Amino acid sequence: MTIGISLQELLGYSNHERAKWQQWLAADPQRMALPFQTGGRFETIGSLFAHIFLVERRHLSRLEVSAIPDATGVDETNVDALFAYGATVRTELSRYIDGLDEATAASTLVITIPGGSYTFSRRKLAVHILMHEIRHLAQIAAIARAEGLAPPGEHDLFFYPGLP
């Protein structure tokens, strides 16, 4: 027996989690400056959110076979602007997922990134977009706790009301 979760269900969970973090950050925008990787690629959680949203945009561009942007063009310290950018990309991703059929989902594309070239099905890349965000949100929750802050609400899929 195969039991699965649909892309739409995973997207719903990701949207639910994203909304919690947006409210949490909007309540105290200084939280965007919480350290994440001092001296690393993502110095703050603000820069990590910018990364999450840019990766979503870049991979969606690959799925749509369109130009791949290098940056969000948004100030990573500005909660409202950054999450507005993320919401725009998420709307486009949702539209893409809603229109995805089995044949297209199974079709492959080659992605070249600094680590090399990889062949993925469109299905796998769409799932990766969502799992990438979910994984980083767990890291952000750990950072918040390490800084003595309670993350916003319960985060496990177990607590997501949109999945029976």
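To be clear, the structure that these remarks concern was listed above.
Residues numbered from 1 in each chain as written. Predicted model: local features only at pLDDT ≥ 70, side-chain atom pairs only at ≥ 80, totals over all residues. Heavy atoms only, no water.

### Description of the overall build of the protein chain
Then, number 1: Of the regular secondary structure elements, the protein chain holds 5 helices and 2 strands.
Then, number 2: Put simply, the protein chain runs from its N terminus to its C terminus through helices and strands in the order α-α-α-α-β-β-α.
Then, number 3: Its C-alpha radius of gyration of 16 Å places the protein chain within 12% of the 15 Å reference for a compact globule of 164 residues.
Then, number 4: Once the C-alpha set of the protein chain is aligned to its principal axes, its extents read approximately 45 × 40 × 25 Å.
Then, number 5: Residues counted as buried form 41% of the 164 residues belonging to the protein chain.
Then, number 6: Long-range contacts, defined as pairs at least 24 residues apart, comprise 66% of the intrachain contacts of the protein chain with a sequence gap of at least 6. (Helix = DSSP H or I, 4+ residues; strand = E, 2+ residues; numbered from the N terminus. Rg over C-alpha atoms; globule rule 2.2 N^0.38 Å. Buried < 20%, exposed > 50% of the residue type's maximum accessible area, 1.4 Å probe, protein only. Contact = heavy atoms within 4.5 Å.)

### What to know about the side chain of Arg122
Then, number 1: Residue placement: Arg122 occurs in helix α5 (residues 122-146).
Then, number 2: Buried charged residue Arg122 carries no salt bridge. Nearest counter-charge: Asp101, at 9.1 Å.
Then, number 3: For Arg122, the side chain forms a polar contact with the main-chain oxygen of Leu63, separated by 3.5 Å.
Then, number 4: Excluding residues within four positions of it along the chain, Arg122 makes contact with Leu63, Val65, Tyr96, Thr104, Ala105, Ser107, Thr108 and Leu109. (Lys, Arg positive; Asp, Glu negative; His and termini not counted. Salt bridge = Lys/Arg side-chain N within 4 Å of Asp/Glu carboxyl O. Polar contact = N/O pair within 3.5 Å; in protein donor to acceptor, adjacent residues only side chain to side chain.)

### A few points about the side chain of Ser61
Then, number 1: Of note, Ser61 is situated in helix α2 (residues 45-64).
Then, number 2: A relative accessible area of 1% means that Ser61 is categorised as buried.
Then, number 3: Every residue in contact with Ser61, bar those within four places of it in the chain, is listed here: Ser66, Ala67, Ile68 and Pro69.

### So, the pattern of salt bridges
Then, number 1: With the rule as written, the count across this model stands at 9 salt bridges.
Then, number 2: We note a salt bridge from Arg18 to Glu133, for which the minimum N-O separation is 2.6 Å. Taken together, the residues Arg18 in helix α1 (residues 7-27) and Glu133 in helix α5 connect sequence positions 115 residues apart. Residue Arg18 shares its accessibility class with Glu133, and that shared class is buried.
Then, number 3: Salt bridges sharing partners connect three or more residues here, namely Arg18, Glu56, Arg90 and Glu133.

### A closer look at the pairing of strand β1 (residues 108-113)
Then, number 1: With 6 bridges joining them, β1 and strand β2 (residues 116-121) adopt antiparallel strand pairing. Looking across to β2, one finds that Ile111 is bridged to Tyr118.
Then, number 2: Where β1 folds back on β2, the antiparallel hairpin that results is connected by 2 residues. (Pairing = 2+ DSSP bridges.)

Fair warning: the whole summary comes from geometry, so function is off the table for now.
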